[in-house]
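# Structural description and commentary
Listed below, chain by chain, are the residues.
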Amino acid sequence: MKIAVVGTGYVGLVTGTCLAEVGMEVTCIDIDQKKIDNLKQGILPIYEPGLEEMVLRNTEKGRLQFSTNLAESIQDADVAFIAVGTPPGEDGSADLKYVLGVAREIGRNMNNYMVVVTKSTVPVGTANKVRAALEDELSARGKAFDFDVASNPEFLKEGAAIEDFLKPDRIVIGVESEKAEGIMSKVYKPFLLNGHPIIFMDIPSAEMTKYAANSMLATKISFMNDIANLCEIMGADVNMVRKGIGSDARIGNKFIYPGIGYGGSCFPKDVKALIKTAADNGYQMQILESVESVNENQKSVLFNKIKKHFGGDLAGKTFALWGLSFKPKTDDMREAPSLVIIEKLLAEGCKVKAYDPVAMKEAQHIIGDKIEYANDQNEALVDADALLIVTEWPEFRSPNFKVVGKLMRDKVIFDGRNIYDTKEMQDAGFTYYGIGVKPYYHSTVEIA
Ligand SMILES: NC(=O)c1ccc[n+]([C@@H]2O[C@H](COP(=O)([O-])OP(=O)(O)OC[C@H]3O[C@@H](n4cnc5c(N)ncnc54)[C@H](O)[C@@H]3O)[C@@H](O)[C@H]2O)c1
Ligand SMILES: O=c1ccn([C@@H]2O[C@H](COP(=O)(O)OP(=O)(O)O[C@H]3O[C@H](CO)[C@@H](O)[C@H](O)[C@H]3O)[C@@H](O)[C@H]2O)c(=O)[nH]1
């Protein structure tokens, strides 16, 4: 099959590469000339475990190509995936200008039947707008090709994107013709050998499924953050409560880890967009409004603990920060809780020394030289008044605490991800604060 993927970000690049991996002939297209030049040389725009090797392998085999020329790349394609960004507009709605811009460009250049698939996260009704844009451009050219639109939302998680794409829990596809259903079945057949289903449905339901999935996951997290905060007040331990409820199969043990709020390029924007879609249509998403406000508050929880511990005055204090990215195994800094914490500490006149295994370059683009970037996790600790755990990278989970304590000015840890055992920390002479965990209590966590 011949596939065109428009947009070579986290979703487009992973989609294109994984489709090439199973033997398809794929061209990944982007308007960013530098990105494409780099990709042609095997230099990736993002960090995603395993992706670089896979890109190189498939490029060498000639199955994966990169181009800025959409017109040329979509000729004879069976399927064109649109995988460009849908950032939040000022009012929270998803901005569709990139998606519809690409649809128009496809319409201006297509010369054969194809299925035009939105892989970007888009609100209900977008496929109709994509179809209208294609028809408009075709009629402006005086052409009347047959084509189909489809919705195929993507569910990959950053840091585990390849695994998620190759072994999906499910593939959701919204179609409106048997022909499109047949072609999309062929595209995904290679991924279904281990029995995971393709769920075909109508297009609006597919579009809504993506927002409902992300909103449900964000709801679980905000709910647990609320429970964690209450545990602290009431003298319960949220790790125990999490295990207690997570063993009920109806609740499940995934995505119920409290922390310093969800971040990333998806949950914050998708929750906002669904609230806006509802409001535009005369409905109020009351649960999601609370999910959002709990999340906003949660980003300040660690800072509030710090302020309380130091008696309100933080001026001149030095904080070591382990982790900058919004989650481990990615360099993505979009909506990272670290940004909120850093801003608050800097506003109080503190010095911040940060270390992240892969996100420091990206962080530097955003934060600049307002903070110090350490060469390794221990260097960040030198003369620190406290250590803040912001992202639960595996290498932070079991440091040599004797060394940690010696390097720091004061043995205080604020753990925004609950990766340490409170009792072990206190036995090692640290003052330890987690999120909703009980002081001097064995509540060792297994990480999600
Ligand atoms: N990041 C994720 O984990 C994830 C997961 C599932 C779904 N999504 C959704 O997928 C979509 C893409 O997200 P992303 O994180 O990959 O975005 P991204 O910002 O990383 O990448 C988007 C790419 O599209 C390119 N682009 C923009 N306009 C273009 C045009 N006219 N022609 C060609 N290329 C163009 C940009 O240069 C950029 O490289 C969004 O709707 C997002 O919500 C993202
Ligand atoms: O129990 C948990 C699980 C996650 N998080 C936080 O939630 C955010 C999102 O994490 P995760 O979902 O693992 O990463 P994303 O790459 O943002 O993936 C989400 O967003 C993607 C884009 O839409 C979807 O495709 C994925 O299915 C969906 O999980 C991060 O800040 C995590 O720290 C928690 O606080 N507690």
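Residues numbered from 1 in each chain as written. Chains lettered and ligands numbered in written order. Predicted model: local features only at pLDDT ≥ 70, side-chain atom pairs only at ≥ 80, totals over all residues. Heavy atoms only, no water.

Per an unreviewed UniProt entry, the chain is named UDP-glucose 6-dehydrogenase, and its organism is Adhaeribacter terreus. What the UniProt record of the chain gives under Catalytic activity (unreviewed entry) is the line "UDP-alpha-D-glucose + 2 NAD(+) + H2O = UDP-alpha-D-glucuronate + 2 NADH + 3 H(+)". Note on the chain: under the UniProt heading Pathway (unreviewed entry), the record states "Nucleotide-sugar biosynthesis; UDP-alpha-D-glucuronate biosynthesis; UDP-alpha-D-glucuronate from UDP-alpha-D-glucose: step 1/1." (UniProt positions renumbered as here; feature names shortened; annotations may be inferred.)

So, about the overall build of the chain. Each helix and strand in the chain was counted, giving 18 helices and 14 strands. Taken over C-alpha atoms, the radius of gyration comes to 24 Å for the chain, in line with the 22 Å a tight globule of 448 residues would show. Taking all 448 residues of the chain together, 52% fall into the buried category. Nonlocal contacts in the chain, meaning residues at least 24 apart in sequence, comprise 73% of its contacts between residues at least 6 apart. Approximately 19600 Å² of the chain is accessible, and the part contributed by carbon and sulfur atoms is 51%. Here the chain holds 51 positive side-chain charges and 62 negative ones, and the gap between their average locations is 3 Å. (Helix = DSSP H or I, 4+ residues; strand = E, 2+ residues; numbered from the N terminus. Rg over C-alpha atoms; globule rule 2.2 N^0.38 Å. Buried < 20%, exposed > 50% of the residue type's maximum accessible area, 1.4 Å probe, protein only. Contact = heavy atoms within 4.5 Å. Areas by Shrake-Rupley, 256 points an atom, 1.4 Å probe, with all protein chains shown as cover. Lys, Arg positive; Asp, Glu negative; His and termini not counted. Charge placed at Lys NZ, Arg CZ, Asp CG, Glu CD.)

Turning our attention to the site of ligand 1. Near ligand 1 lie 25 residues; those nearest to it are Asp30, Lys35, Thr86, Glu158 and Lys269. Interatomic distance of 3.0 Å between a backbone N/O atom of Tyr10 and an oxygen atom of ligand 1. At 2.9 Å, a backbone N or O of Val11 approaches an oxygen atom of ligand 1. If ligand 1 stood free it would expose 830 Å²; the protein chains cover 88% of that surface. (Near = heavy atom within 4 Å. Polar contact = N/O pair within 3.5 Å; in protein donor to acceptor, adjacent residues only side chain to side chain.)

Let's shift gears to the sheet that holds strand E11 (residues 372-373). For sheets, the rule is that strands pair by backbone hydrogen bonds, running either parallel or antiparallel. Sheet architecture is open: six strands sit in the order E11-E10-E9-E12-E13-E14, paired in parallel fashion. The sheet terminates laterally at E11 and strand E14 (431-433), the two strands that pair on one side only. Alignment of strand E9 (residues 318-322) against strand E12 (residues 386-389), held across four bridges, turns out to be parallel. Its bridge partner lying in E12, Leu321 is registered against Leu388. (Pairing = 2+ DSSP bridges.)

This part covers helix H1 (residues 10-21). Helical geometry: 3.6 residues make up each α-helical turn, so side chains three or four residues apart lie on a common side. Over its 12 residues, H1 extends 16 Å from the first C-alpha to the last, a length consistent with the 16 Å expected when each residue adds 1.5 Å. Of all the residues in H1, the buried ones are Tyr10, Gly12, Leu13, Val14, Thr15, Gly16, Thr17, Cys18, Leu19 and Ala20. Just beyond H1, the residue with positive phi is Gly23, at close to 105°. (Expected span 1.5 Å × (residues − 1).)

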